[in-house]
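This is what each chain is made of:
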Amino acid sequence: MRGGRGACADFCRMETDCNPMELSSVSGFEEDAELNGFEGTDMKDMRLEAEAVVNDVLFAVNTMFVSKTLRCADDVAYINVETRERNRYCLELTEAGLRVVGYAFDQVDDHLQTPYHETVYSLLDTLSPAYREAFGNALLQRLEALKRDGQS
């Protein structure tokens, strides 16, 4: 899910798991888990993890929110997302990652066999060319801001 971002280790390659807004951060998943009160536990509340996923990429989609209709538990949460292309998806978040489980908000099609993605960045990269563009633009803006800060 959100792990593996450690300071955008590989300088935010599009196919990797990175949020361009976190370039100045050096915290990895271990620190994130500690800050979120998950230190020393194997079980996380997936609703909290889902909220973090939503907050990470809201800048690059039309709308995204944790489902209030579908049941969230310690091991599963559902996220509704509408891409900038106006395509709607229902995503399932588990320890295995994220995957599309429906093509409408709050819809779970048990017969749908879609691959898991380790992160929301990877998933959206496959679903939405406009996400890729927004991600790239945000990355460029962040790099320009870092350059300006370094020159002052």
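The chain carries the name GSK3B-interacting protein isoform X1 in an unreviewed UniProt entry, which gives Tursiops truncatus as its organism. As its UniProt record puts it under Sequence similarities (unreviewed entry), the chain is described as follows: "Belongs to the GSKIP family."

Enquirer: Honestly, the sheet that holds strand β1 (residues 63-66) in this entry has me stumped. Any pointers?
Expert: What holds strands together in a sheet is hydrogen bonding between their backbones, with the strands either parallel or antiparallel. Strand order in the open sheet made by the 4 strands is β1-β2-β3-β4, with antiparallel pairing throughout. Edge strands, defined here as strands with exactly one partner in the open sheet, are β1 and β4 (97-102). Strand-to-strand twist across the sheet, computed as the mean angle between neighbouring axes with direction ignored, equals 25°. Pairing of strand β3 (residues 88-94) with β4, which is carried by 5 bridges, proceeds in the antiparallel orientation. If you follow Thr94 over to β4, its bridge partner there is Gly97.

Enquirer: Whenever I open this one, the confidence of the model for the chain confuses me. Can you help?
Expert: Low-pLDDT portions of the prediction should not be read for the details of their coordinates. With 71% of its residues at a pLDDT of 70 or more, the chain shows a mean pLDDT of 79. Low pLDDT, under 50, characterises residues 1-43; the stretch is placed with 79 contacts to residues that sit more than four places away or in other chains.

Calculation notes
Residues numbered from 1 in each chain as written. Predicted model: local features only at pLDDT ≥ 70, side-chain atom pairs only at ≥ 80, totals over all residues. Heavy atoms only, no water. UniProt positions renumbered as here; feature names shortened; annotations may be inferred. Pairing = 2+ DSSP bridges. Helix = DSSP H or I, 4+ residues; strand = E, 2+ residues; numbered from the N terminus. Axes fitted to C-alpha atoms, helices over the stretch in contact; angles between N-to-C directions. pLDDT = per-residue confidence, 0-100. Contact = heavy atoms within 4.5 Å.

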